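Fold and geometry: a report
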Amino acid sequence: MTTPATPGPGRPTENSMRRALKRARDGVALDASEAAVLLQARGEDLTDLAASAARVRDAGLEQAGRPGVITYSKSVFIPLTRLCRDKCHYCTFVTVPGKLRRTGHGMFMSPDEVLDIARKGAALGCKEALITLGDKPEDRWPEAREWLDAHGYDDTIAYVRAISVRILEETGLLPHLNPGVMSWTDFQRLKPVAPSMGMMLETTATRLWSEPGGPHHGSPDKEPAVRLRVLEDAGRSSVPFTSGLLIGIGETYEERAESLFALRKVSRAYHGIQELIIQNFRAKPDTAMRGMPDAELDELVATIAVARHIMGPAACLQAPPNLVEGEYERLIGAGIDDWGGVSPLTIDHVNPERPWPQIEELAGRSRAAGFELRERLCVYPEFVRRGEPWLDPRLRPHVAALADPETGLARPDALPTGLPWQEPEDTFTPTGRTDLHRTIDTEGRTSDRRDDYDEVYGDWDALREAAAPGMAPQRIDTDVREALRTAADDPTRLTDAEALALFHADGPALDALCRIADDVRRSVVGDEVTYIVTRNINFTNVCYTGCRFCAFAQRRTDADAYTLSLSQVADRAQQAWDVGAVEVCMQGGIHPDLPGTAYFDIAKAVKERVPGMHVHAFSPMEVVNGATRTGMSIREWLTAAKEAGLDTIPGTAAEILDDEVRWILTKGKLPTATWIEVVKTAHELGIRSSSTMMYGHVDQPRHWLGHLRTLAGIQRETGGFTEFVTLPFIHTNAPVYLAGIARPGPTTRDNRAVTAMARLLLHPWIPNIQTSWVKLGTEGAAEMLRSGANDLGGTLMEETISRMAGSSYGSYKSVRDLVAVAEAAGRPAKPRTTLYGEVPDERRQSAAASDGHLPELLPVLD
C-alpha cells in the first residue's frame, strides 16, 4: 500500500497502529512498514508515540552526560551566493543574476561583506558562521564563472575555502559549510577550514526528482543517490555532518520512512552524522509549489518521534523553531534535543518570512518544558571530544578557544577572537618507535591491532552487510579451451567472458595459461629477470584514513607509532646510496599534522643530501592529501613536487579500482576516479608511475578484470606506467580479516592466474610485470617468474608495511638473494633503474661491493 503523506483515506488499521505503538513503547527495533504506520499516528496515538520517543531521547541525554539539556547554536547566516544550478520548485533562496544586479548585489558576497557580518556576530557572542549557498552556480550562470575568474578562484569551493580561512583568522567564528553536493575531493579541500558541514537529504523518493512536475525535477543535485553518496563521502572523510528530511513535499509515508532508514544506514556505517534536521515544508509565494498545503504540525511531531525511534538515543534531532508558530513544547515532547542555529543578527535567508525566536524566549519555553537551554558549537560535543580524525589539527585551536573541554559544549563566557590558521609546528620532530623498520623483524608488533580499532574503521556489522553481495562468486560458462586458444593466438583479442574464464582456470588449464603468459613474456622482454637496488623509507605510520586492510597505520599515541625527522630521511637515503642504491621509495601515513608542503620538504631533503638518487615517492592518496591541504590543484601540486625533486610516483593506493570493493576495503581513501585523475595528471606532467593491484580479500575475478582493463586504458592514453606490480593481500593482522570479513589472502592458484592474466591483458601496453618477494617469498616469487612476470622489484633494505601486516618473508633481500630467485626460475638476473634503464657502472660496483646490503641500521633517534 502506498499512502500519501496527507490526511485522508488509506490510514492504517487500529490493530496495525496498536502493534506498532507497543513495539515503540517496548523499545523493539521498528521496520520500515511499522515506521510508515507510526508516521500516521494522530490524537491519542500520537501522544503515546511522542511519549515513548521522549523517553528514548532522555536516555540518550543521560548517557551523553547532559540530562535535561536542549541545545542551540548562536550563529550568523551568511548567504555566500544565491545563484544555483538547480531549480527546486519550493525555493525562494535562489535567484538569478539579473535580480541580483537590479538590487545592487554581486554574484557572490564579497569578502568585506562576509567579514562585516561575521565581525558583528562575534561582537554579539555568536560562534558559528553558517555559510549557505547554491549548488555549483558557475555550471549554469556565466556571470558566476566570470566573478570567480575575476577574483582568482577556480570554482565556488575554492572561494568557500578562502573565505572560511579569513573568518577563522579575522573573527574566530567557526564556519559550518552548506555548499550543496560535494565530491570526495571537495571534502578533503574543505575539511581543514570547517569543523562541520551539512546538506539535507530531504527525501530518497527518486520519483520526486525524475518525474516532470516533481519538486526536484530539473535539479541535478537533488537526485537521491547523489545525495546519499555525499553523506557517505562525508563519513569516509571523517567530517561531522548535518543532514535531515524536508517533509510534506509530496512523498508518501512509506517513502518518508525509507528516507529515515537510509539516514540510519549511513549513520551506522560511519558514525559521522552529528544531527538530523526534521523540517516541515512551508509554501512560499512566487514558487511553483505556492499552492501546496503546508506540512501540518502533527505531521512534524509524528516524524520527529519516528525519527527518534529509528535513529536511537544517541542521535541528535533538531527542528527549526521559526517554522512552528511557537509550538515549541510539542517538538520537545516528540523527542528533539536541539533547536539548531538561532541568530541575534541575521535573518533565516531560506525562510526570510519567518523570523528567529529571541534566545531568551527559547530558553523560557524550553525551561517550561523541563529543559535547560545550553549553547553548543556548530560541531557537536561528541565530535569535539572525539578529536582526531574528526577535527583537523589546524582547527583544534579555534574549537578549543570556544569549547568547554569537559562537556564539548560552548563556553558561555567565550567571545570569538581571530586566531592564525596554520600548520602545526615541529611536524618533523622524530617521535615514537622510529626503529620499527629494524625491530619489526626481531621484536614484532606491540599488539595485533591499533587502540582505536573499534572506531576508526566504521561499523563492522554494517560493513559485513555491504560486503556480502560483492563476495559472491560468479558463474562462468565460457569454454576455457577456446579462451586459451585466443590467448595463445593474440591476447589482445580476449573478450571479457574469455578473460573471466581464464581467471578461474585451475589444474592443467592453469598450467597452460601460465605457459602462454610466459611465452608472451619471453617474446616481449626476453629472459632476463630485472631488479632494482632501492631502499624503502616510510617516514611516518601515523594515519587516520581508516584503511581496513592496513596494519601499518597507527594513532599518534599507539606504542608502534613513529615519525621520522627530515635529517633521518636524508640519512637513510645517504646510507642507501653508499651501498649502491639508485632509488628511494618513500611513502607514509596520512599524518594529520603534516602540512601539504611536507612532501616537498622530504623530496628536497633527499636531493640535497644525495643529488643522484631517484626519488620514487608519494602515492596518489598522498598527492591528494598534499593538494587539498595546500589549496592547490592536483596539477599545481605535482608540478611543485617535481620542482622539489620528485621523479616518479608509486601507483599504490589503487587496491582494486572498483568502488564497490574500495568502500569495503577502506573508510576514507580516495575513490577510483580520483586515483585515475592523479595518475593521468602525473603522466601528462612527465612524472611516470608504477601500477598495482592488491587482491585476495573481498574481491572476485570480475574485479581483477575490470582493474586490469582500466590500467590498460590509461596506458594506451598516456604511456606513463613503468610496470604492473601484483600485491597479494597479507591478511594476518589486517583489520578487515580480524573482523571476519575478508578471506585469508589469495591462494597459490589465484597468484598464478593473476600474474598470467596481467601479462596477457596488459599486453602490449605494459611490458613489465613485477612479482613481490616480500609477500610471496623466494619460492612463490620464482613461480610467478614462470607465470609471466619478469621483474622482482627491489632490495628494499627496510620494509615495514607488509611486515606489520604479518608477512613472514623479511624486510630486505641482498643482490645475491634476488639473483638466486631468478636462478630458481631458470633465468639470468640484471639490475635496472626505476625507468628500466641501464644502471651506471659506478652504481653496479657499489652494489656488488656491499651486496646491496646495509652494514647497520640507523639508530632510533638523532
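Throughout this document, residue positions are counted from 1 along each chain, in the order its sequence is written. pLDDT decides what is reported in this predicted model: residues at 70 or higher carry local features, side-chain atom pairs at 80 or more are listed and counted, and totals for whole chains, interfaces and linings draw on all residues regardless. Hydrogens and waters are ignored; side-chain quantities use all the structure's heavy atoms.

Right, let's get into the overall build of the protein. Starting at the N terminus, helices and strands are each numbered in turn, a helix being any DSSP run of H or I of at least four residues and a strand any DSSP run of E of at least two. Summing up its helical and strand segments, the protein has 35 helices and 20 strands in all. Only the C-alpha atoms count toward the radius of gyration. The rule for a globule is 2.2 Å times the residue count to the power 0.38. Expected size for 862 residues packed as a compact globule is a radius of gyration near 29 Å; at 29 Å, the protein falls within 12% of this value. With the C-alpha coordinates of the protein rotated into their principal frame, the extents come out at 85 × 60 × 55 Å. For the protein, buried positions account for 63% of its 862 residues. Here the contacts in the protein between residues at least 6 apart in sequence split such that 78% fall between residues at least 24 apart. When the accessible surface of the protein is totalled, it reaches about 31100 Å², and 51% of it is carbon and sulfur. Relative accessibility decides the category of a residue: with a 1.4 Å probe and only protein chains considered, values under 20% of the type maximum give buried, values over 50% give exposed, and everything between is partly exposed. Residue contacts follow a heavy-atom distance rule, with two residues in contact if any of their heavy atoms lie within 4.5 Å. Per-residue and other accessible areas follow the Shrake-Rupley method at a 1.4 Å probe size, with only the shown protein chains counted as cover for residues.

Moving on, we come to the environment of Glu783. Of note, Glu783 is situated in helix 32 (residues 773-785). Looking at Glu783, the relative accessible area reads 22%, which means it is partly exposed. Residues Glu783 and Asp116, 667 residues apart in the sequence, show an inter-C-alpha distance of 69 Å.

Quick look at the state of the cysteines now. Throughout this description, disulfide means a covalent bond between two cysteine sulfur atoms. Pairs of cysteine sulfur atoms within 2.5 Å are what we label disulfides. Tallied over the full model, the rule gives 0 disulfides. With no disulfide of its own, Cys126 has Cys378 as its nearest cysteine by sulfur position, at a separation of 12 Å. For Cys126, a relative accessible area of 0% gives the class buried. In this model Cys316 remains outside any disulfide bridge; the closest cysteine sulfur is found in Cys378, 14 Å from its own. Taking relative accessible area as the criterion, Cys316 reaches 6% and is therefore assigned buried.

Attention now goes to the pairing of strand 17 (residues 721-728). Here strand 17 lies mainly inside the structure; 8 of its 8 residues are buried. Orient the strands so they point away from the viewer; a crossover is then right-handed if the path from the first strand over the helix to the second runs clockwise. Crossover handedness for the path strand 16 (residues 689-695) to helix 29 (residues 701-718) to strand 17: right-handed. Strand direction decides the pairing type here: strand 17 and strand 18 (residues 769-770), joined by 2 bridges, are parallel. Its bridge partner being in strand 18, Phe724 is matched across the sheet by Ile769. A pair of strands counts as paired when DSSP detects no fewer than two bridges linking them.

In this fold, Thr303 is placed in helix 12 (residues 297-311). Distance in space between the C-alpha atoms of Thr303 and Asn280 is 9.5 Å, their sequence separation being 23 residues. Discounting chain neighbours no more than four positions away, the residues touching Thr303 are Leu39, Ile247, Arg256 and Ile278. A polar contact is formed between the side chain of Thr303 and the side chain of Arg256, at a distance of 3.0 Å. Under the rule applied, a polar contact is a pair of N or O atoms within 3.5 Å (in protein, one hydrogen donor and one hydrogen acceptor; residues adjacent in sequence only if both atoms are side-chain atoms).

Turning to the pattern of salt bridges, a few remarks are in order. Any carboxyl oxygen of Asp or Glu that lies within 4 Å of a side-chain nitrogen of Lys or Arg is treated as forming a salt bridge with it. For the coordinates displayed, the defined rule picks out 64 salt bridges. Arg85 serves as the salt-bridge partner of Asp139, at 3.1 Å between the closest nitrogen and oxygen. Highlighted residues: Asp139 in the loop between strand 2 (128-133) and helix 6 (142-150) and Arg85 in the loop between strand 1 (69-81) and helix 4 (97-102), separated in sequence by 54 residues. The exposure class assigned to Arg85 is partly exposed, which follows from its relative accessible area of 22%. Beyond isolated ion pairs, a larger network of salt bridges with shared partners links Asp518, Asp519, Arg521, Arg522 and Asp527.

The subject of this paragraph is the sheet that holds strand 15 (residues 614-617). Read from one edge of the open sheet, 3 strands run 12-14-15, paired in parallel fashion. The sheet terminates laterally at strand 12 (534-538) and strand 15, the two strands that pair on one side only. The sheet shows a mean angle of 25° between the axes of neighbouring strands, taken without regard to direction. Of the pairings in the sheet, the one linking strand 12 to strand 14 (residues 583-587) comprises 5 bridges and is parallel in character. In the strand pairing of strand 14, Asn536 is matched with Cys585. Angles run from 0 to 180 degrees between N-to-C directions of axes, and those axes are lines fitted to C-alpha atoms, restricted for helices to the stretch in contact. Across the sheet, helix 24 (residues 598-609) touches strand 14 and strand 15, and the angle it forms with strand 15 is around 160°.

The subject of this paragraph is the packing of helix 24 against helix 26 (residues 634-644). Look at helix 24 against helix 26: their axes get within 8 Å of each other, and the N-to-C directions meet at 20°. With respect to helix 26, the element helix 24 is oriented roughly parallel. Considering only the axes of helix 24 and helix 26, their crossing is right-handed. Two secondary-structure elements touch here, helix 24 through Tyr599, Phe600, Ala603, Lys604 and Lys607 and helix 26 through Trp637, Ala640, Ala641 and Ala644. Only Asp, Glu, Lys and Arg are considered charged in this grouping, and only Ala, Val, Leu, Ile, Met, Phe, Trp, Tyr, Cys and Pro are considered nonpolar; every other residue, Gly among them, is considered polar. Among the residues forming the contact of helix 24 with helix 26, the class breakdown is 7 nonpolar, no polar and 2 charged. Here is the rule for angles: anything less than 35 degrees is roughly parallel, anything more than 145 is roughly antiparallel, 65 through 115 is roughly perpendicular, and the remaining ranges are oblique. Definitions for this section: a left-handed crossing has its near helix turned counterclockwise from the far helix by less than a right angle. A right-handed crossing has that turn clockwise.

Here we come to the packing of helix 25 (residues 620-630) against helix 26. One can describe the packing of helix 25 onto helix 26 by two numbers: an axis separation of 9 Å at closest approach and a directional angle of 105°. One finds that helix 25 runs roughly perpendicular with respect to helix 26. From helix 25, Val623, Val624, Gly626, Ala627 and Thr630 reach across to helix 26, where they touch Ile634, Trp637 and Leu638. Residue classes in the contact of helix 25 with helix 26 are distributed as 6 nonpolar, 2 polar and no charged.

Cis geometry marks the peptide bond from Glu388 to Pro389, where omega comes out at 0°. Residues His763 and Pro764 are joined by a peptide bond in cis, for which omega reads 0°. On the secondary structure map, Pro764 appears in the loop between helix 31 (748-761) and strand 18. At Ser238, a residue that is not glycine, the phi angle is positive and equals roughly 55°.

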